[in-house]
Amino acid sequence: MIAINSLCSLLPIDIKGKYQLRMLSFKDLDWYTHNCREPYYNKYLEFSFAKDVSLDKLQSVFYNLTVGYTIKATNVSEARLVLVDSNNDIIGGCTLFEKEYEKEYEIAYFIIPRFQNLGIGEAMVKGLLSHLKHDGFKFNSISAVVMSSNKASSGLLENIGFKLTSEYKGRRGVNKVYTIEIDNIKGVETRNNKRGNRKR
């Protein structure tokens, strides 16, 4: 399970000096739910939020998750974060999922089309992983699954240091599994390693 208290203590995370990564909140739910049903969001997913689940069901799931984030429930199965600009408009986001084995997680991410191909997605994922590593969040490795046709996402992961560890045939084609071990996460500066670099 994901320790939501520990995760919330890292947030918000500054990304590229222009954006902030924070937990999904109640005020985000309408936009977030409808965004998950957009064609660009579902293009590279095995599971279609637009076709495989009703809008009411999706709203209920996200609402219940957000309740857990708000009360800082001890553990949750997934943590959904949003990336916002200076106007608090959402331009992207990422999700951490628990995996079968303790201290292993999976990450998924998105950037809305207008902000794609600007290095924002890579900076967001790298920034989150750096904070998870350096600010005491306990895990051994993080994986990501991408369709083989999603070259941009594969490139993003490889640039950060993820390694291709396996492939499997999914509903819509071949999926690639990328994994990064905690020791291989290279960092951006975080609150804790900034403090560690100060001269005494």
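Placed above this text is the structure.
Our subject in this report is the structure included herewith.

Two side chains that carry opposite charge are able to pair once their charged atoms sit near each other. Within this structure, the stated rule accounts for three salt bridges. One salt bridge connects Glu-78 with Arg-80, and the closest N-O pair in it is separated by 2.7 Å. With respect to burial, Glu-78 and Arg-80 carry one shared label: buried.

Inspection of the entire model under this criterion finds eight aromatic pairs. Measuring from ring centre to ring centre gives 5.4 Å for Phe-26 and Tyr-63, while their planes differ by 45 degrees; the resulting arrangement is tilted. Pair noted here: Phe-26 is in the loop between strand S3 (19-23) and helix H2 (29-35) and Tyr-63 is in helix H4 (residues 55-70), with a separation of 37 residues, a long-range link. In textbook terms, an aromatic cluster arises when at least three aromatic residues are bridged by ring pairs, as seen for Tyr-32, Tyr-40, Tyr-41, Phe-47, Phe-49, Phe-62 and Phe-110.

Within the open sheet, the eight strands sit side by side as S2-S3-S5-S6-S7-S8-S10-S9. Their pairing is mixed. Edge positions in the open sheet fall to strand S2 (13-15) and strand S9 (163-170), since each of these has one partner strand only. Across the sheet, the mean angle separating the axes of adjacent strands is 25 degrees when strand polarity is ignored. Sheet analysis places S9 next to strand S10 (residues 173-181), joined by seven bridges and oriented antiparallel. When the sheet's bridge partners are listed, Tyr-168 is paired in S10 with Asn-175.

Criteria and cut-off values
Residues numbered from 1 in each chain as written. Predicted model: local features only at pLDDT ≥ 70, side-chain atom pairs only at ≥ 80, totals over all residues. Heavy atoms only, no water. Salt bridge = Lys/Arg side-chain N within 4 Å of Asp/Glu carboxyl O. Buried < 20%, exposed > 50% of the residue type's maximum accessible area, 1.4 Å probe, protein only. Phe/Tyr/Trp six-rings, centres within 6.5 Å; stacked < 30°, edge-to-face > 60°. Helix = DSSP H or I, 4+ residues; strand = E, 2+ residues; numbered from the N terminus. Pairing = 2+ DSSP bridges. Axes fitted to C-alpha atoms, helices over the stretch in contact; angles between N-to-C directions.

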